[in-house]
Amino acid sequence: MTLMTNYEDNIDEWIYLIKGNHIEHCKEQELALDNNIIPVLERKDVYVDAERIAKGLSLQKYFPYKLLPWEKYQFAIITGVFLQEPGVEDDIYFHEIRDILGRGAGKNGFIDFLAFYFISPFHGVMGYNVDLIANGEEQAATSIKDVGDLIRYPVEQRFKKTLNTNFKAYTESVLGKKMNAKFRLNTTSVKNKDSKRSGCIIYDEKHQYTDVRNMNTLQSGLGKMKWSREITITTD
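Residues numbered from 1 in each chain as written. Predicted model: local features only at pLDDT ≥ 70, side-chain atom pairs only at ≥ 80, totals over all residues. Heavy atoms only, no water.

A. Geometry of the overall build of the chain. When you go through the chain residue by residue, the secondary structure sums to 8 helices and 10 strands. Within the chain, contacts between residues at least 6 apart in sequence are counted, and of these 71% link residues at least 24 apart. Summing over all exposed atoms, the chain offers an accessible surface of approximately 12,000 Å²; the carbon and sulfur share of this is 48%. (Helix = DSSP H or I, 4+ residues; strand = E, 2+ residues; numbered from the N terminus. Contact = heavy atoms within 4.5 Å. Areas by Shrake-Rupley, 256 points an atom, 1.4 Å probe, with all protein chains shown as cover.)

Okay, here's the thing in structure tokens:
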């Protein structure tokens, strides 16, 4: 089966892999493309910023792994698909993303990459704080530590100066210096969630949450920041 698409390289690759039946996948992947992605990309008021996507994906060099095709595709969809509206600044199209993954699919690695990009100059939004919420401090701290370790212990020494110029790692957060944006640790406690002014909220293992009051409080702060997003990445 030959599929001729020309949206953006990473999006095109995923459509080819799924619609061409080149990798094993669930039926929901085809339904998502047919009902949610391709119809949006075909709209005349929607465009894909391939240059922004490519610049963002260039940050992979700072990581000890490369993103998988599904991760590059989702990165492109999350960060590079824009809606044009007359008289206002173009906005991201997809403000809410939900992923249900099998264990070992690379969930935390993808969270790490997204957060690193969002607080970087390549994303380019001042004060764009990323709040990671999980059931317990240890779980929430996993990605904070992972991203912090990229800065403390770069995969190549030649990256050390650039990373330290642009980022600062703390115990419970990572600061993007140029954008004054933080990747921050949260738990399901309801305390200290007011006035967070989040740009992005990432829910890790949302299926385990038993108290949604803190999520509601964090969500109430969305919309104050350009390109606000909610991203759920969880196993079932």
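B. Molecular detail of the sheet that holds strand S2 (residues 81-83). In spatial order, the strands read S1-S2-S3; together these 3 strands make up an open sheet with antiparallel pairing. Either end of the sheet is taken by a strand with one partner, and the two such strands are strand S1 (46-48) and strand S3 (91-92). Pairing of S1 with S2 involves 3 bridges; the strand directions are antiparallel. Note that in S2 the partner of Tyr47 across the bridge is Phe82. Packed onto the sheet, helix H4 (residues 69-80) meets S1, S2 and S3 and runs at close to 25° relative to S2. (Pairing = 2+ DSSP bridges. Axes fitted to C-alpha atoms, helices over the stretch in contact; angles between N-to-C directions.)

C. Up close: unusual backbone geometry. One non-glycine residue, Asn180, adopts positive backbone phi at about 50°. Tracing the backbone through its elements, the reader meets Asn180 in the loop between strand S7 (173-176) and strand S8 (181-186). Despite not being glycine, Trp227 has its phi angle at roughly 55°, a positive value. With respect to the helices, strands and loops of the structure, Trp227 is situated in the loop between helix H8 (213-219) and strand S10 (229-234). On the basis of relative accessible area, Trp227 is assigned to the buried category, the value being 8%. (Buried < 20%, exposed > 50% of the residue type's maximum accessible area, 1.4 Å probe, protein only.)

D. Quick look at the environment of Lys61. Along the chain, Lys61 turns up in the loop between helix H3 (50-57) and H4. The class of Lys61 is partly exposed, set by a relative accessible area of 40%. For the pair Lys61 and Val155, spaced 94 residues apart in the sequence, the C-alpha separation amounts to 8.4 Å. Non-local contacts of Lys61, meaning those with residues more than four positions away in its chain, are made with Lys66, Val155 and Phe159.

E. Geometry of the environment of Phe94. Note that Phe94 resides in the loop between S3 and strand S4 (96-100). By relative accessible area, which is 12% here, Phe94 ends up buried. Through-space distance from the C-alpha of Phe94 to that of Ile231 is 10.0 Å; in sequence the pair is 137 residues apart. Those residues in contact with Phe94, other than ones at most four positions away along the chain, are Asn36, Ile37, Val40, Ile77, Ile78 and Val81.

F. Molecular detail of the layout of surface pockets. When its volume is computed, the largest pocket comes out at roughly 870 Å³. In terms of lining residues, the largest pocket is bounded by 28 residues, among which Gln29, Ala32, Gln74, Arg98 and Asp99 are the most central. Residue assignment for the lining of the largest pocket shows that the elements contributing at least two residues are helix H1 (9-19), helix H2 (27-41), H4 and S4. A per-element tally of the lining of the largest pocket places H2 first, with 7 residues. When grouped by side-chain class, the residues that make up the lining of the largest pocket number 18 nonpolar, 5 polar and 5 charged. (1 Å grid on protein atoms, 1.4 Å probe; cavity = no way out; pocket = protein on both sides within 12 Å on 5 of 7 lines; lining within 4 Å. Points joined across faces, edges and corners; volume = space filled by probe spheres on them. Nonpolar A, V, L, I, M, F, W, Y, C, P; charged D, E, K, R; others polar.)

G. Summary view of the side chain of Arg52. In this structure, Arg52 sits in helix H3. Here Arg52 sits buried without a salt bridge, and the closest side chain of opposite charge, Asp49, lies 4.0 Å off (N-O distance). Excluding residues within four positions of it along the chain, Arg52 makes contact with Thr79, Phe82, Tyr117, Phe122, His123 and Trp227. (Lys, Arg positive; Asp, Glu negative; His and termini not counted. Salt bridge = Lys/Arg side-chain N within 4 Å of Asp/Glu carboxyl O.)

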